[in-house]
Amino acid sequence: MGGVSTGTPINYTSRRTVGITDPKAPMVFEDVTDKTALASFKHLAGTLAKDYIFEVPSGGVAIFDYDGDGLPDIYLVNGSTIPALQGKGNPPRAALYRNLGNWKFEDVTAKAGVANERWGMGVAVGDYDNDGRPDIFVSNFGVSRLYHNNGDGTFTDVAEKLGVARKGWSTGATWGDYDGDGRLDLFVPGYIEIDFNNLPPSPKDANKPGGVGQNFCQFRGTPVMCGPRSLQGEGDTLYHQKTDGTFENVSVKAGVSDPQKYYGFSSAFVHANEDDLLDLIVVNDSTPKLFYINKGDGTFEEVGYPSGVALNENGREQAGMGIAIGDYDNSDRVSFHITNFSDDSNVLYHQIIPQLMSTNGEPVTRSKLCSSRICEMENLSG
């Protein structure tokens, strides 16, 4: 599997978050978790040793009004363990908390039927059947679920029936009507292919006789679980909703299957340019980000590099984790804020003109960006 040493561990003399806030500043937010039923929720993903990469990322949260009473409810995704996957232990459960008002919540997971009891990696909420009630797609490491809202406080998993029971390692999914037919479609990134019969090396084997020593996967000089680099990535999946309510996999046809098999982590449908079509951005771990422009004929064009989104301002790929989208400068153009793995800088991509981004507000110059489409434009650096 391999791995690269990151050198001698860095020892910090102080906590780097100490002293960055004003103790006299007014309290804007207060943690009230312990005053609610949410205090009983315990997230579990693998063991504390984290021998394998699938034990590291997990979880997710969705805040939505599932029962139509005008109060936002909370759904928390849980992880799992190897024994649970093998049927040798009780799987952790996701949790749905119904908002009763006045900061009171009721755990209705069992009643609602949304415990998942699989290795959850994310959640996306959307009303896929246009019945006015929000439904829940849970991305799993294993087989994903689609919980249909029955309108009586309960849900039914219809993933197999409708054709979206994606197998593998699914991550941050997104709903959107990319073809404008009035029906929501679903995009699901894939992360890494894992074979339980041939697991990656474990850090507990690093110092054993005959071990690989310094060649083992490391972080700050310490042996850690291997990945994502050196492991096989997964492709991504776009499910198009048909007129009968079932879904078909159109990933290859639409041009969004990710044949490079980057390590997909988050995604979002977004109106990125001046047409009325939904575009798509995919944040990948340790590989370039993918930015798809909707061509209006059921296909997309990938423009990550020419748009300036694929890499950071230094021309490097980053370990992308999450994304936030918004028009922070009231320019009527969306910008992207990408969060990255530990000790890596987060990046704000500011949109200069449709489909052209600069990083952290820094102008994109001709020396940094060149393609047949972009290089014909003048004065990109202002």
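Here, every reference points to the structure presented above.
None of the values given here were measured: they were computed from a predicted structure.

Colleague: How would you sum up the pairing of strand S2 (residues 73-77)? Please name residues and give values.
Modeller: Counting buried residues in S2 gives five out of five residues, a clear majority hidden from the surface. Burial along S2 is two-sided: the residues Asp73, Tyr75 and Val77 and Ile74 and Leu76 are all buried. Alignment of strand S1 (residues 60-64) against S2, held across five bridges, turns out to be antiparallel. By the bridge assignment, isoleucine 63 is partnered in S2 with isoleucine 74.

Colleague: Run through the packing of aromatic side chains, naming residues and quoting values.
Modeller: According to the stated counting rule, one finds 18 aromatic pairs in the structure shown. Ring centres of phenylalanine 219 and phenylalanine 341 lie 6.0 Å apart, and the angle between their planes is 70 degrees; this geometry places the pair in the edge-to-face category. Pair noted here: phenylalanine 219 is in strand S12 (residues 218-219) and phenylalanine 341 is in the loop between strand S21 (335-340) and strand S22 (347-353), with a separation of 122 residues, a long-range link. Overall, phenylalanine 219 belongs to the partly exposed group, its relative accessible area being 31%. Its relative accessible area of 39% is what places phenylalanine 341 among the partly exposed residues. Judged by centre distance (5.6 Å) and plane angle (90 degrees), the ring pair of phenylalanine 291 and phenylalanine 336 falls under edge-to-face. Pair noted here: phenylalanine 291 is in strand S18 (residues 290-294) and phenylalanine 336 is in strand S21, with a separation of 45 residues, a long-range link. Taken individually, phenylalanine 291 and phenylalanine 336 each receive the classification buried, so the pair is uniform in this respect. Here a set of aromatic residues connected by ring pairs shows up, and it is made of Tyr52, Phe54, Trp119, Phe141, Trp169, Tyr191, Phe196, Tyr263 and Phe265.

What counts and what doesn't
Residues numbered from 1 in each chain as written. Predicted model: local features only at pLDDT ≥ 70, side-chain atom pairs only at ≥ 80, totals over all residues. Heavy atoms only, no water. Buried < 20%, exposed > 50% of the residue type's maximum accessible area, 1.4 Å probe, protein only. Helix = DSSP H or I, 4+ residues; strand = E, 2+ residues; numbered from the N terminus. Pairing = 2+ DSSP bridges. Phe/Tyr/Trp six-rings, centres within 6.5 Å; stacked < 30°, edge-to-face > 60°.

Read these as spatial facts, not as claims about activity.
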